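Each chain, letter by letter, is given below.
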Amino acid sequence: MKVRMLLVISVLAVALTAVVACGDSGELDDANARIAELESELGDTKAMLSEAEAAAAATTGNRIQRIRDRGVLICGSRIDVAGYGALDDAGRNIGFDIDLCRAVAAAVLGDGEAIEVRPFTAAERGPALQAAEIDMMARTVTWTTSRDAQWGDYTYTTFYDGQGFMVPDDLLAADGSPVDSAHDLSGAAVCVIAGTTTELNMADFFRQNNYDYNPNVFEENDAARAAYLSGACDVFTNDRSQLAAIRSTFDNPGNHVILPETISEEPLTPVVPHGDTQWFDLVKTIMAGLIYAEAYGITSGNIDQVLAGENAKAQRLLGAPDTSFGQESLGLSQTVMQDVLRAVGSYGEIYDRNLGPDTPINLPRTGRNRLWIDGGQIYAPPLR
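Computed from a predicted model, the values in this text were never measured in an experiment.

Engineer: How should I be thinking about the packing of helix α3 (residues 63-70) against helix α10 (residues 277-295) in this particular structure?
Structural biologist: Between two packed helices, what matters for the description is the angle formed by their axes and the separation of those axes. Put simply, α3 and α10 touch, their axes get as near as 8 Å, and they point 75° apart. As judged from the angle between their axes, α3 and α10 are roughly perpendicular. Counted together, R63, I64 and I67 of α3 and Q278, W279 and L282 of α10 form the full contact between these two elements. Along the lines of polarity and charge, the residues of the contact of α3 with α10 split into four nonpolar, one polar and one charged.

Structure below.
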């Protein structure tokens, strides 16, 4: 809009200059006065452009230095889903997504606790990234083409999910039979979160199958959870892992069933604001380091033993002398992954601590969420 204004003012000034060259004295006086006004407006508009450019620059480039000057990493996340982003009894932020933020904080600041977690609703995620008011978003964010173009830069996929449906185990279909499939849900009232791919996928599923349904849309998981438990909705739809996490908080989780169908692809990964390539590369590299640490058998507790061993790839990841995987180009220390792994552990440790079989969520590492070397799809480019 401002560029267009500049062009319009410039064209008008040229046109009036032509009038000056051809007109009588009265017209010349009026034209000269108008040219002076336009030149003043042109100067004001250029100043506005300069201010806007300066403001944009302040929210994009050199984010690494601004984080270090600030002393904390600002992480957009959540506090309402166990396993991903929640508060423990002491009020500390915990969860799979929170640990990914802690890993980056450990890399940049040398302290995994140096994070400020800002909770966002699903609908607030995009605007927060577009305004660059956070350093990274780790909040079960699905990577889609439009979000990649409009919201920010996505790192490597850290969890493969898909949308499903949860129902009470005594829910009956329209014909009176027990519901044991998503194809028994015609006519159901469905709880869903606004501003999500979940809402769009749900609409696609019911429309394509020519099923009637009544969507009950909520801004927050807590409100949707309460409505579902109260019986206001027959069904709760969300990513399957989130349904498992939400169910784990029920008084009687065994009374609720996640139906077998998966109706979408939901690759989840942290995302950073557009505009700072080095910051994007840094976050991607730390995600890769977590993945390769698991692949190489490195944990938070065996770093010294690995350094004393003979696995050259593992030693390079840990920053052994005369090795590199590009950390110096990102402004990171030679031994940055030692700080990261001591703070949060490898990808496998993060997964098991927050989502694994020994947690209430109880999500075994199966299918795509296994490492590539185990037949899954958790993978990142080589650390060289």
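Back to the text.
Engineer: What should I look at first to understand the nonpolar core in this one?
Structural biologist: Soluble globular proteins: nonpolar side chains tend toward being buried together. Grouped together as the largest cluster of nonpolar side chains are 75 residues, with contacts concentrated most on V104, W279, L282, I286, L290, I298 and V340. Here this core takes eleven residues from α10, the largest share from any one element. Counting 16 residues, the second-largest nonpolar core is a separate cluster that includes L171, V179, A188 and F206.

Engineer: Before we go on, may I ask you to explain helix α13 (residues 336-344) in this structure?
Structural biologist: Side chains of residues three or four places apart in an α-helix project in the same direction, reflecting 3.6 residues per turn. Residues of α13 that are buried include every one of V336, M337, Q338, V340, L341 and V344, and no others. The inward-facing, buried residues of α13 abut α4 (96-109), α10, α11 (303-307), α12 (312-317) and α14 (347-354). G345 sits one or two positions beyond α13 and adopts a positive phi of about 85°.

Engineer: Please clarify how the side chain of R102 should be interpreted in this entry.
Structural biologist: Along the chain, R102 turns up in helix α4. The class for R102 is buried, based on a relative accessible area of 5%. A polar contact of 3.3 Å, which involves the side chain of R102, links it to the backbone oxygen of G112. Other than its neighbours up to four places away in sequence, R102 contacts R92, N93, G112, E113, I115 and V344.

Engineer: Sorry, what's going on with the packing of α4 against α10 here?
Structural biologist: At a minimum axis distance of 10 Å, the contact between α4 and α10 shows a crossing angle of 115°. Put simply, α4 runs roughly perpendicular to α10. Between α4 and α10 lies a crossing of right-handed hand. Contacts between α4 and α10 involve L100, A103, V104, A107 and V108 from the first element and W279, L282, V283, I286, M287 and L290 from the second.

Engineer: In this structure, what is going on with the pattern of salt bridges? I would like to understand it.
Structural biologist: Close approach of charged atoms allows side chains with opposite charge to pair. Taken as a whole, this structure holds twelve salt bridges when the rule is applied. A salt bridge links R365 to E294, with the shortest nitrogen-to-oxygen separation between them at 3.2 Å. Note that R365 is positioned in the segment after α14 and E294 in helix α10, a separation of 71 residues in sequence. The class of R365 is buried, set by a relative accessible area of 19%. Look at E294 and you get partly exposed, because its relative accessible area is 23%. Linked through salt bridges whose partners overlap, the residues forming this network are R63, R70 and D135.

Engineer: Can you walk me through the sheet that holds strand β12 (residues 256-258) in this structure?
Structural biologist: Paired through their backbone hydrogen bonds, the strands of a sheet run either parallel or antiparallel. The strand order β10-β9-β11-β8-β12 describes an open sheet built from five strands, whose pairing is mixed. For this open sheet the edge positions go to β10 (213-218) and β12, each flanked by a neighbour on one side alone. Shown here is a sheet whose adjacent strand axes are inclined to one another by a mean of 30°, direction ignored. The sheet contacts of helix α8 (residues 221-230) involve β8 (163-168), β9 (188-193), β10, β11 (235-239) and β12, and relative to β11 the element is tilted by about 150°.

Criteria and cut-off values
- Residues numbered from 1 in each chain as written.
- Predicted model: local features only at pLDDT ≥ 70, side-chain atom pairs only at ≥ 80, totals over all residues.
- Heavy atoms only, no water.
- Axes fitted to C-alpha atoms, helices over the stretch in contact; angles between N-to-C directions.
- Helix = DSSP H or I, 4+ residues; strand = E, 2+ residues; numbered from the N terminus.
- Parallel < 35°, antiparallel > 145°, perpendicular 65-115°, else oblique.
- Contact = heavy atoms within 4.5 Å.
- Nonpolar A, V, L, I, M, F, W, Y, C, P; charged D, E, K, R; others polar.
- Core = buried A, V, L, I, M, F, W, Y, C linked by side-chain atoms within 4.5 Å.
- Buried < 20%, exposed > 50% of the residue type's maximum accessible area, 1.4 Å probe, protein only.
- Polar contact = N/O pair within 3.5 Å; in protein donor to acceptor, adjacent residues only side chain to side chain.
- Left-handed = near helix turned anticlockwise from the far one by under 90°.
- Salt bridge = Lys/Arg side-chain N within 4 Å of Asp/Glu carboxyl O.
- Pairing = 2+ DSSP bridges.

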